[in-house]
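Tertiary structure, described
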Amino acid sequence: ATSGPITVVTPAGSAVSGAPFLVEYAPSCLAWAEIATIPVQGTYPINHITVDGDEAWISRSSGLPGVTRQNLATGDWHADILLARPPKGTAVTTSKAYVASPGGSSSRLAVIDKSSNALITEIDVGVDPYGVAVQNGKVYVTNCVQWANDAPATVTVVDEATNTVIKTIDVG
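A short tour of the structure in this document, coming up. Note that the coordinates shown come from a computational prediction; the quantities given were computed from them, not determined experimentally. (Residues numbered from 1 in each chain as written. Predicted model: local features only at pLDDT ≥ 70, side-chain atom pairs only at ≥ 80, totals over all residues. Heavy atoms only, no water.)

1. Brief notes about the pattern of salt bridges
Under the counting rule described, the total for this entry stands at four salt bridges. Here Glu55 makes a salt bridge to Arg69, at a shortest N to O gap of 2.6 Å. In this pair, Glu55 is assigned in strand β6 (residues 55–60) and Arg69 in strand β7 (residues 66–71), connecting sequence segments 14 residues apart. Across the pair, exposure class does not vary: Glu55 and Arg69 are buried alike. In this structure, Arg108 engages Asp124 in a salt bridge whose closest nitrogen and oxygen atoms are separated by 2.7 Å. With Arg108 in strand β11 (residues 108–113) and Asp124 in strand β12 (residues 118–124), this residue pair connects regions lying 16 residues apart in the sequence. We classify Arg108 as partly exposed; its relative accessible area is 22%. (Salt bridge = Lys/Arg side-chain N within 4 Å of Asp/Glu carboxyl O. Helix = DSSP H or I, 4+ residues; strand = E, 2+ residues; numbered from the N terminus. Buried < 20%, exposed > 50% of the residue type's maximum accessible area, 1.4 Å probe, protein only.)

Structure (structure tokens):
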């Protein structure tokens, strides 16, 4: 079975819809183009897709929350990693995947070992983490402001080597 459609909105505001697919952004012409259609495993709604070489890390938002690793060329499913909370953004390094796993005050950043597909640890990173990026040995996690929780929007910085929070930056 495949998941429902994904819609990608281009910088110009037009939309591309259909079965799950990969898109390519061409800065020179400021347009998105469909480059392949890849059926994804399961029937759960998809939150995010992060491309890592020849595979995708696909975050599922309901049903059994977690991420699926899938080969982009063949569509073969590599692994299904379950998490305690529905995931959002994902960032991938050569050895680890970092997955934002919001859940109000119990929000975490899941750290996954790519070689074993095992959950290494979960790190407290603030209220409702959403986006994740890795740069120069640091993991940056955006935390959304929620009108219901009165928490400020922040960026939590995590040391990639030790999986510990270095600092939290208030952004509003």
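2. Points about the nonpolar core
Within the largest apolar cluster, eleven residues are counted, these being Ala91, Tyr98, Ala100, Leu109, Val111, Ile123, Val125, Val132, Val139, Val141 and Val158. When residues of this core are traced back to their parent elements, those giving at least two are β10 (96–101), β11 and β14 (138–143). Not counting chain neighbours up to four residues away, the residues in contact with Ala91 comprise Lys96, Ala97, Tyr98, Val132, Ala133 and Val134. Formed by nine residues, the second largest nonpolar core is a distinct cluster that contains Ala79, Ile81, Ala97 and Ile112. (Core = buried A, V, L, I, M, F, W, Y, C linked by side-chain atoms within 4.5 Å. Contact = heavy atoms within 4.5 Å.)

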